[in-house]
Amino acid sequence: MARLHAEYATVIAARPAEIYAILSDYHHGHPQILPKQYFPALTVEQGGQGAGTVFRVQTRALGVERGYRMVVSEPDPGHVLVETDIETDLTTTFTVTPVGDADYARVQIATDWESAPGIGGAIEKLVTPLVMRRIYRTELGQLAAYVASKRRAAVAADLPENQASL
């Protein structure tokens, strides 16, 4: 069996702390950025904010549905969040780093896992990282859109009532 890796990163117009707060909030923020076609369900079992959170997530890709029970750690709080499947060696790491004047953040999602043995593993090695990058690109796009919508809502809340509807 081979160790496989898939990752995708992008720069988002938001402060790193704002991004990290969304990622580490498994009750509200994190579920908002998950593409529902790939992650139809996320249920928090314990905690819900950063390290110590335990959650179940259903995934759907390439016609295969799987369930994972994940535990969250924060090896570098505010910058690195790691989800580790309790039953396998699969880990997904979210890394948030400031860009430029720190009004932008580079956000990377990376997953590492052991491939299946045999021909299935060979196919997995070729196909799965490509699919996961597409999923992560969608997820980070939803993160950027979520941040933008929160900002628009905050601006609208600060406007006088007669200007908010313009």
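Each remark here, short or long, concerns the structure printed above.
**Some remarks on the overall build of the protein chain**
The secondary structure content of the protein chain amounts to four helices and seven strands. Going from N to C terminus, the protein chain has its helices and strands arranged as β-α-α-β-β-β-β-β-β-α-α. With the C-alpha coordinates of the protein chain rotated into their principal frame, the extents come out at 65 × 30 × 30 Å. The buried share among the 166 residues of the protein chain stands at 39%. A separation threshold of at least 6 residues defines the contact pool for the protein chain, and within that pool the share at least 24 residues apart is 51%.

**Describing the nonpolar core**
Counting residues in hydrophobic clusters, the biggest one holds 35 residues, and the most contacted among them are Ile19, Leu23, Phe55, Leu81, Val96, Val107 and Leu143. Residue assignment for this core shows that the elements contributing at least two residues are strand E1 (3–12), helix H1 (16–24), strand E3 (54–61), strand E4 (64–76), strand E6 (91–99), strand E7 (104–114) and helix H3 (118–158). In terms of residue count, H3 provides more of this core than any other element does, eight residues in total.

**Concerning the sheet that holds strand E2 (residues 41–46)**
The strand order E1-E7-E6-E5-E4-E3-E2 describes an open sheet built from seven strands, whose pairing is antiparallel. Edge positions in the sheet fall to E1 and E2, since each has one partner strand and no second. Strand-to-strand twist across the sheet, computed as the mean angle between neighbouring axes with direction ignored, equals 25 degrees. Taken together, the eight bridges between E3 and E4 define a ladder with antiparallel strand orientation. Its bridge partner lying in E4, Phe55 is registered against Met70. In the packing of H1 onto the sheet, the strands contacted are E1, E4, strand E5 (80–85), E6 and E7, and the crossing angle to E6 comes to about 160 degrees.

About the thresholds
Counting from 1, residues in each chain are numbered in the order their sequence is written. Since the coordinates come from a predicted model, pLDDT governs what is reported: local features require at least 70, and pairs of side-chain atoms require 80 or more to be given and counted, while whole-chain, interface and lining totals use all residues. With hydrogens and water set aside, each side-chain value is computed from the structure's full complement of heavy atoms. A run of H or I in DSSP becomes a helix once it reaches four residues, and a run of E becomes a strand once it reaches two; helices and strands are each numbered from the N terminus. When a residue's accessible area, from a 1.4 Å probe over protein chains only, is under 20% of the maximum for its type it is buried; when over 50% it is exposed; and in between it is partly exposed. Between two residues, a contact is recorded if the distance between any of their heavy atoms is within 4.5 Å. For this analysis, a nonpolar core means a set of buried residues of the types Ala, Val, Leu, Ile, Met, Phe, Trp, Tyr and Cys, connected via side-chain atoms within 4.5 Å. The pairing criterion for strands is at least two bridges between them, as found by DSSP. Axis geometry follows a simple rule: fit a line to the C-alpha atoms, using only the stretch in contact for helices, then measure angles between N-to-C directions, giving values from 0 to 180 degrees.

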